[in-house]
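# Structural overview
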Amino acid sequence: MPLLSGGFFFMTIAKLLQSAQKAGFRTEMEVYLSWLLEKSRLDFVRNGEFEVPIEKMAEIQKAWLKILDGCPVAYLTGEKEFYGIPLFVNENVLVPRPETELLVDHVKEIASEGARVLEIGTGSGAISIALKKTCPDFQVLATDVSSEALKVARQNIDKYDLDIKLIESDLLESVEGDFDVLVANLPYIGELTNDFLAENVRKYEPALALFGGDDGLRLYEKMFQQARGRFKYILGEIGFSQGKQVEDLCLSVFPEAKFELRQDYSGLDRHFILKF
C-alpha cells in the first residue's frame, strides 16, 4: 500500500498522516516524520498544513514500505526513548520496551545506596543506563554475549558520560566478584513452547536476543546455576504466561529464596524478584 499513490505527492503533514492512519500506522509515521523533519509531534497537531520538502518524499516512501512490512520505527530512526532517555539502537539489539522500565523501578525499590548492580544481557544498555542516571551512587557492571550489542551499549554509555563497566560474557561465565543485585532481561521466547512472538519482531529483531531454548527458560536456568551464593536479589523479565514455570524453576535452584511476581501495565505477569 503506497503512501503516495497515483503519481500524486501528498505535500502536507496532515495528508501524509491521514494516509498512514487509514493503514493503521499513524503513530509509527508520526514518530518517523518527527525524527526526519526535526519537528515535534505536537508541531504536527498545531500545523498540519506544514509542507513536506519535496526532496524528502522518496525517503518517506521508502520508510513507509518498511513500516508496512513491520520494521520497528526505531531501526529507521536509530533512536528509542527508554525511561525518558534517548538511546541509539540498531538491528544488533532489541528495541527497548516500556514494560522493561518497570524492571528498573523494581531494582531502585529494593537496592540500597551504593548497591553493586550486575546486568546480564544489556543489549543497548537501557537498563544499566537508566539505573546509573537516576541512581549515580550505584556501581554498575553490564554484560552481553554479543560483541555487536556491546558496541551499541558503549555508544549510549559514552553519550551520557556514565561510569558503567562493560564486559563480553556468556551470562556470568566471565564475571568475577560478588554483587548485591543481579538484573536480567534474558531471551525468554521458546522455540517449541511459549512462542508468543509477533511475526514482525521475529523478522526484524535479533534472534540471539529473543530465543531461550525449547521453552524459553533455558538461559535463566543456566544463569541461576551460575548465580548461587553471589547475590542478595535477582530480578528478571519473563513472558506473560511463564510465571508458574519460572517460580518452580527458581525455587528448585534456590529453595531458601523468597519469590515474587510483578505485573506489567496490562496486569500480566512480567517480572520476578528473588530475595535471599
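As shown above, the structure is provided for reference.
First, a word on what this report is: a plain description of the structure on this page. (Residues numbered from 1 in each chain as written. Predicted model: local features only at pLDDT ≥ 70, side-chain atom pairs only at ≥ 80, totals over all residues. Heavy atoms only, no water.)

Looking only at helices and strands, one finds 11 helices and 9 strands in the protein chain. Its C-alpha atoms give the protein chain a radius of gyration of 21 Å, near enough to 19 Å, the size a compact globule of 276 residues would have. The principal-axis extents of the C-alpha atoms in the protein chain amount to approximately 65 × 40 × 30 Å. Across the 276 residues that make up the protein chain, the buried fraction comes to 51%. Once local pairs closer than 6 in sequence are excluded, the contacts in the protein chain between residues at least 24 apart make up 64%. With an accessible surface of roughly 13,100 Å², the protein chain has 49% of that area assigned to carbon and sulfur atoms. When the 31 basic and 44 acidic side-chain charges of the protein chain are each reduced to a single mean position, those positions are 3 Å apart. (Helix = DSSP H or I, 4+ residues; strand = E, 2+ residues; numbered from the N terminus. Rg over C-alpha atoms; globule rule 2.2 N^0.38 Å. Buried < 20%, exposed > 50% of the residue type's maximum accessible area, 1.4 Å probe, protein only. Contact = heavy atoms within 4.5 Å. Areas by Shrake-Rupley, 256 points an atom, 1.4 Å probe, with all protein chains shown as cover. Lys, Arg positive; Asp, Glu negative; His and termini not counted. Charge placed at Lys NZ, Arg CZ, Asp CG, Glu CD.)

So, about the pairing of strand E3 (residues 116–120). Judged by how many residues are buried, E3 sits mostly within the fold: 4 of 5 residues are covered. Pairing analysis gives 5 bridges linking E3 to strand E4 (residues 139–144), with the strands arranged parallel. Bridge pairing in E4 places Leu 118 opposite Leu 141. Read as a crossover between parallel neighbours, the route from E3 over helix H7 (residues 126–134) to E4 is right-handed. Bridging between E3 and strand E6 (residues 181–184) involves 4 bridges; their strand directions are parallel. Residue pairing across strands places Leu 118 opposite Leu 182, the latter belonging to E6. (Pairing = 2+ DSSP bridges. Right-handed = clockwise from strand over helix to strand, strands pointing away.)

Another aspect to go through is the sheet that holds E6. Read across the sheet, 7 strands follow the order E5-E4-E3-E6-E7-E9-E8 without closing on themselves; strand pairing throughout is mixed. Every interior strand has two partners, whereas the edge strands, strand E5 (164–168) and strand E8 (258–263), have only one. Between one strand axis and the next, the sheet turns through 20° on average, direction left out of account. Sheet topology places E8 next to strand E9 (residues 269–275); 6 bridges connect them, and they run antiparallel. Within the sheet, the bridge partner assigned to Glu 260 lies in E9 and is Ile 273. Packed onto the sheet, helix H10 (residues 218–226) meets E3, E6, strand E7 (233–237) and E9 and runs at close to 170° relative to E7. Against the sheet, helix H11 (residues 243–253) engages E8 and E9, with an angle of about 160° to E8. (Axes fitted to C-alpha atoms, helices over the stretch in contact; angles between N-to-C directions.)

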